[in-house]
Amino acid sequence: MPHPLRWCWHGGLGKGIDMTDDMALPSDRAVVNGAGQAVSAVPASVPSAVLGFTGTQRDMTEAQKNVLVSALIGFREGGAIWMHNGDCVEADEYAGRTWLSLGGRIHLHPPSNSSKRAFLPHTKAEATLPYMARNQKIADSATVLVATPRDGTEQRSGGTWFTIRAARKRGIPAMLIL
């Protein structure tokens, strides 16, 4: 049986608080799962955030997708407009298309390896860069990072965890959807 649906903040907002569906919510903007149960919230202290997004190049779970969509809705309702996105297949593509469907704008940071690009519609785009340099730019550009890592345990390798660590080093809060 998979672990319960959860997310946690790393960084400036509740350092490492792990939220599950039976815990109190930090604001009134709840994120709900497919059954309509509140499972997390977008803190009111980041209402007009500039989002950075990073996620797995493999399929996200349905639970991750549900929480991600609800979180993105909360950020848009809070006034966020921009998402810095790495333009890769799977999680980046899903988050980017969802963000666009909500009326948000995409600032792309495409990888120099085009074989895994999603080629998302966008408002702005940076020049292509190798993966890790691109990931650093996403972390440097965001005021909040939203991440959907494949593994709930921090990994020493891989772009998603590299981006989370880069945001953490800058003191940028990261919403990990596990």
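Given the structure is predicted, the values throughout are model-derived calculations rather than measurements. (Residues numbered from 1 in each chain as written. Predicted model: local features only at pLDDT ≥ 70, side-chain atom pairs only at ≥ 80, totals over all residues. Heavy atoms only, no water.)

Looking at the layout of surface pockets
Gaps left between atoms show up when a probe the size of a water molecule is rolled over them.
Okay, so step 1: What the largest pocket holds in volume is close to 450 Å³.
Okay, so step 2: As for the largest pocket, its lining consists of 24 residues, and the residues nearest its centre are T56, Q57, G158, G159 and T160.
Okay, so step 3: If you list the elements that add at least two residues to the lining of the largest pocket, you get β5 (51-55), α3 (131-141) and α4 (159-170).
Okay, so step 4: It is α3 that provides the largest number of residues to the lining of the largest pocket, a total of five residues.
Okay, so step 5: Taken together, the residues of the lining of the largest pocket sort by class into seven nonpolar, 11 polar and six charged. (1 Å grid on protein atoms, 1.4 Å probe; cavity = no way out; pocket = protein on both sides within 12 Å on 5 of 7 lines; lining within 4 Å. Points joined across faces, edges and corners; volume = space filled by probe spheres on them. Helix = DSSP H or I, 4+ residues; strand = E, 2+ residues; numbered from the N terminus. Nonpolar A, V, L, I, M, F, W, Y, C, P; charged D, E, K, R; others polar.)

Side note on the packing of aromatic side chains
Okay, so step 1: Across all of its chains, the model carries zero aromatic pairs by this definition.
Okay, so step 2: Between K65 and the ring centre of Y94, over which it is positioned, the NZ or CZ distance is 5.3 Å.
Okay, so step 3: Over the ring of W82 we find K124; its NZ or CZ atom is 5.0 Å from the centre of that ring. (Phe/Tyr/Trp six-rings, centres within 6.5 Å; stacked < 30°, edge-to-face > 60°. Lys NZ or Arg CZ within 6 Å of the ring centre and 35° of its normal.)

Things to note about the environment of K65
Okay, so step 1: Here K65 lies in helix α1 (residues 62-77).
Okay, so step 2: As for K65 and A95, which are separated by 30 residues in sequence, their C-alpha atoms are 8.5 Å apart.
Okay, so step 3: If we ignore the near neighbours within four places in the chain, the residues touching K65 are M60 and Y94. (Contact = heavy atoms within 4.5 Å.)

Side note on the environment of K137
Okay, so step 1: Within the fold, K137 resides in helix α3.
Okay, so step 2: For K137, a relative accessible area of 35% translates into the label partly exposed.
Okay, so step 3: Once the C-alpha coordinates of K137 and G86 are considered, the two residues, 51 residues apart in sequence, prove to be 9.5 Å apart.
Okay, so step 4: With residues up to four places along the chain from it excluded, the contact list for K137 reads H109, E126 and L129. (Buried < 20%, exposed > 50% of the residue type's maximum accessible area, 1.4 Å probe, protein only.)

Regarding the side chain of T54
Okay, so step 1: In this fold, T54 is placed in strand β5.
Okay, so step 2: Beyond its immediate stretch of four places on either side in the chain, T54 contacts D92, L145, V146, A147, T148, G159, T160, T163 and I164.

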